[in-house]
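Examination of the molecular architecture
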Amino acid sequence: MVILDHSRIASGFKVGIVVAQFNELVTDRLQQGAILQLKKYGINDEAITIAKVSGALELPRIARKLADSGKVDGIIALGAVIRGETSHYDYVCAETASGLAQVSLNGPVPVMFGVLTTDNLDQAINRAGGKGGNKGADCADGLIEMINLEKQI
Ligand SMILES: Nc1c(NC[C@H](O)[C@H](O)[C@H](O)CO)[nH]c(=O)[nH]c1=O
Ligand SMILES: CC(=O)[C@@H](O)COP(=O)(O)O
């Protein structure tokens with residue numbers, strides 16, 4: 001029996017972070033949470049490439065270009081989609097999730113889905129360093145595990 005271990009060793013990893021600026025009150029906190037968590041693994045500023053996009057819908061395209069660049073071992077995609085009065089929320093959430101999943105499944109590196117999809121600002125804030133934790137930090141943990149796991153396959 002072979003058990004592939006998703007360890008959390010991160011020596012020499014290069015990480016890309018793609019961040020939506022829409023609702024930047026929230027996404028800035030997600031970004032900081034991801035960076036602080038990566039630093040716990042010894043991944044410092046010089047090993048992190050940050051790309052800012054307008055909104056969540058722009059995340060997949062830049063994530064794909066970064067993935068294809070060969071400059072990173074994995075990507076964290078961060079955003080905050082907060083429901084408004086119309087059905088626009090549904091389309092933004094669905095297409096962003098689908099787009100990022102395609103980049104992860106079809107591209108050369110893993111892409112972590114760090115896009116909050118909430119009904120209001122309070123829910124988003126709570127998941128960006130509040131009582132709900134920090135989704136950016138969670139994505140950092142998961143990315144290290146994914147990179148390590150894929151190196152064993
Ligand atoms: N309403 C939110 C958006 N909307 C903008 C789209 O993401 C996109 O930038 C626009 O449709 C142009 O293509 N984006 C968020 O990240 N969060 C929102 O709550
Ligand atoms: C998630 C959105 O696109 C949303 O903020 C847009 O708000 P509205 O539906 O009121 O136009």
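Here the structure is a predicted model, which means the values were calculated and not measured.

Before going further, it helps to examine unusual backbone geometry. Leave glycine aside and you will find that most residues have negative phi; peptide bonds, for their part, are mostly trans. Backbone geometry at N23 places phi at a positive 60°, although glycine is not the residue there. Relative to the helices and strands, N23 resides in the loop between strand 1 (15-20) and helix 1 (24-40). Overall, the relative accessible area of 25% leaves N23 in the partly exposed class.

Before going further, it helps to spend a moment on the confidence of the model for the protein chain. Per-residue confidence for the protein chain gives a mean pLDDT of 96, with 100% of residues at or over 70. With pTM at 0.96, the complex prediction returns an ipTM value of 0.97.

As a further point, take the site of ligand 2. Around ligand 2 lies a shell formed by V81, I82, G84, E85, T86, H88 and Y89. Here an oxygen atom of ligand 2 and a backbone polar atom of E85 are 2.8 Å apart. Measuring from an oxygen atom of ligand 2, one finds a side-chain N or O atom of T86 at 2.5 Å. Notes on ligand 2: free accessible area 330 Å², of which the protein chains cover 70%. Counting atoms within 2 Å of the grid points, the majority share of ligand 2 lands in the largest pocket. When residues of the shell around ligand 2 are traced back to their parent elements, those giving at least two are strand 3 (74-82) and helix 3 (88-106). Each residue belonging to the shell around ligand 2 can be placed in one class, and the counts come to three nonpolar, three polar and one charged.

Definitions and limits used
- Residues numbered from 1 in each chain as written.
- Chains lettered and ligands numbered in written order.
- Predicted model: local features only at pLDDT ≥ 70, side-chain atom pairs only at ≥ 80, totals over all residues.
- Heavy atoms only, no water.
- Helix = DSSP H or I, 4+ residues; strand = E, 2+ residues; numbered from the N terminus.
- Buried < 20%, exposed > 50% of the residue type's maximum accessible area, 1.4 Å probe, protein only.
- pLDDT = per-residue confidence, 0-100.
- Near = heavy atom within 4 Å.
- Polar contact = N/O pair within 3.5 Å; in protein donor to acceptor, adjacent residues only side chain to side chain.
- Areas by Shrake-Rupley, 256 points an atom, 1.4 Å probe, with all protein chains shown as cover.
- 1 Å grid on protein atoms, 1.4 Å probe; cavity = no way out; pocket = protein on both sides within 12 Å on 5 of 7 lines; lining within 4 Å.
- Sits in = over half its atoms within 2 Å of the grid points.
- Nonpolar A, V, L, I, M, F, W, Y, C, P; charged D, E, K, R; others polar.

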